[in-house]
Amino acid sequence: MIKQAIIPLAGLGTRLLPITSVLPKELLPINGKPALEYILDECVDAGIKEFIFVISSKKMMIKKYFYNDLFFKKILKEKKNKDLKSKYLKIKKLKKMIKFVYQNTPRGTGDAVLKCKKLIKSKHFLMLLPDDLIIKKNCSNSMIRLHKKYKSSVIASKRVRAKDVSRWGIFKIKKFSRNNFLIKDVVEKPTANLAPSKYAVIGRYILPTKIFKILKNQKPGKNGEIHITDAIKKLIYNKEKFIGHIFAGKYLDCGTMNGYINSTLEISRS
Ligand code: G1P
């Protein structure tokens, strides 16, 4: 059963500067709600019971968002605002589900996941990258169903344009149904001539705890970071079964300014 989700939140958000020099990108509002809460809602809806947030001392504002009870209680005492009360109660409920782990040097997604090792209780867990919003259909839910059916690890995927492959992790695939494929290999941000397909890694992963052992011994890869992609590659070479799932929902990229602006427009329209 997948009941725990790791969310790496220690990234510097350089693609969204200057705003991220003071405000964590995950708290930027989309239609009145922080981007991060869309991810949490997706998870809760998919049956997740515990979140592990990997934050850094620079991103304590994320913790504060969930730990501001005194402030809310004071305001709610003065103003009997039903809408605010229900929003506060939701945050309070989420707070009880969150554990915090610290990654003060941004050494990559693989390093962030490794930091959660001691907290993971079952053989597989979900990991979500907060830049990647998927709306209209619950991607985590579909992936958990696939995991149960095939007893395998699962990663979300989307077909991208040939000229954009170097922005993503790219899969080598063997399709076995319209929306699912076996992952034969994965390469982090390849140049167009080295990309094994046009199917990109999108930030939803169901991973086995076996990955911790690999991450522990993993040397830094591209740009000196410990990439989760490199650890997944090794697991695939060790014959671990990984399925790629071409999700049905709409993908919104919240990691760049253009993407963020577009996400706010798309969500307010939907
Ligand atoms: C990360 C992963 C990459 C994946 C992407 C999805 O890259 O390393 O494999 O395709 O997320 O958003 P980042 O966005 O951190 O550069």
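Within any chain, residue numbers begin from 1 and follow the written order of that chain's sequence. In view of the model being predicted, local features appear only for residues whose pLDDT reaches at least 70, and side-chain atom pairs are presented and counted only at 80 or more, with totals across whole chains, interfaces and linings using the full set of residues. Hydrogens are left out, water is left out, and the side-chain values use all remaining heavy atoms of the structure.

What to know about helix 8 (residues 228-237)
The test is simple: Burial classes follow relative accessibility: with a 1.4 Å probe on protein chains only, a residue under 20% of its type's maximum area counts as buried, one over 50% as exposed, and anything between as partly exposed. In this description a helix means any DSSP run of H or I spanning at least four residues, a strand means any run of E spanning at least two, and both kinds are numbered starting from the N terminus. Relevant arc is that of directions from the helix axis to the C-beta atoms, nothing else.
By the burial criterion, the buried members of helix 8 are Ile228, Thr229, Ala231, Ile232, Leu235 and Ile236. The buried residues of helix 8 occupy one face: seen down the axis, they fall within an arc of 160°. Positive backbone phi, approximately 75°, marks lysine 239, located one or two places after helix 8.

Digging into the site of the ligand
Using the following cut-off: For this purpose, a residue is taken to be near a molecule or strand whenever a single non-hydrogen atom of the residue falls within 4 Å of it. Definition of a polar contact: a pair of N or O atoms within 3.5 Å, with one able to donate and the other able to accept a hydrogen when the atoms are protein atoms, and with sequence-neighbouring residues admitted only if both atoms are side-chain atoms. Per-residue accessibility takes into account occlusion by the displayed protein chains alone, with areas from the Shrake-Rupley method and a 1.4 Å probe. Here the nonpolar group is Ala, Val, Leu, Ile, Met, Phe, Trp, Tyr, Cys and Pro; Asp, Glu, Lys and Arg are the charged ones; every other residue, Gly included, is treated as polar.
Residues in contact with the ligand, as listed here, are Arg15, Leu129, Asp132, Arg167, Trp168, Gly169, Glu188, Lys189, Val201 and Thr229. Lysine 189 is positioned with one of its side-chain polar atoms (N or O) 2.6 Å from an oxygen atom of the ligand. In isolation the ligand offers 380 Å² of accessible surface; the protein chains occlude 87% of this area. The residue inventory of the shell around the ligand, partitioned by class, reads three nonpolar, two polar and five charged.

Things to note about the packing of helix 1 (residues 35-45) against helix 4 (residues 82-95)
Note the cut-off: Fitting a line to C-alpha atoms yields each axis, with helices limited to the stretch in contact; the angle taken between N-to-C directions then spans 0 to 180 degrees. In this scheme, roughly parallel covers angles under 35 degrees and roughly antiparallel covers those over 145, while 65 to 115 is roughly perpendicular and the rest are oblique. Here a crossing is taken to be left-handed if its near helix is turned anticlockwise relative to the far helix by less than a right angle, and right-handed if that turn runs clockwise. Note on contacts: a residue pair is in contact if any heavy atoms of the two residues lie within 4.5 Å.
Viewed as axis vectors pointing N to C, helix 1 and helix 4 meet at an angle of 65°, and their least axial separation amounts to 12 Å. Classed by the angle they form, the pair helix 1 and helix 4 counts as roughly perpendicular. Here helix 1 runs over helix 4; the crossing is left-handed. Residues Glu37, Leu40, Asp41 and Val44 of helix 1 form the contact with helix 4, whose own contacting residues are Lys90, Ile91 and Leu94. The residue inventory of the contact of helix 1 with helix 4, partitioned by class, reads four nonpolar, no polar and three charged.

As for the environment of tyrosine 88
Position of tyrosine 88 relative to the elements: it lies in helix 4. Residues in contact with tyrosine 88, not counting those within four places in the same chain, are Asp69, Phe72, Lys73 and Leu76.

Let's talk about the nonpolar core
One recurring pattern in soluble globular proteins: nonpolar side chains tend to sit buried together. Stated formally: Residue types Ala, Val, Leu, Ile, Met, Phe, Trp, Tyr and Cys, when buried and joined through side-chain atoms within 4.5 Å, form a set referred to as a nonpolar core.
With 54 residues, the main nonpolar core has Ile7, Phe51, Phe53 and Phe66 as its most contacted residues. Of all the elements, helix 1 adds the most residues to this core, at six residues. Excluding residues that lie within four positions of it along the chain, phenylalanine 66 makes contacts with Leu36, Leu40, Phe53, Ile91, Leu94, Lys95 and Ile98. Of all hydrophobic cores here, the second largest spans 31 residues; its members include Val101, Cys116, Ile120 and Leu235.

Topic: the pattern of salt bridges
Applicable threshold: Each salt bridge in this description consists of a side-chain nitrogen of Lys or Arg and a carboxyl oxygen of Asp or Glu lying within 4 Å of one another.
One pass over the structure, following the stated rule, counts 21 salt bridges. Residues glutamate 50 and lysine 121 are paired through a salt bridge, measuring 3.3 Å at the closest nitrogen-oxygen approach. Of this pair, glutamate 50 sits in strand 4 (residues 50-55) while lysine 121 sits in the loop between helix 5 (109-114) and strand 6 (124-128); the two residues are 71 residues apart in sequence, bridging distant segments of the chain. Put simply, aspartate 185 and lysine 233 hold a salt bridge, and the shortest N to O gap is 3.1 Å. With aspartate 185 in strand 10 (residues 180-188) and lysine 233 in helix 8, this residue pair connects regions lying 48 residues apart in the sequence. Exposure remark for lysine 233: the relative accessible area of 22% places this residue in the partly exposed category. The structure contains a network of salt bridges with shared partners spanning Lys33, Glu37, Asp41 and Lys90.

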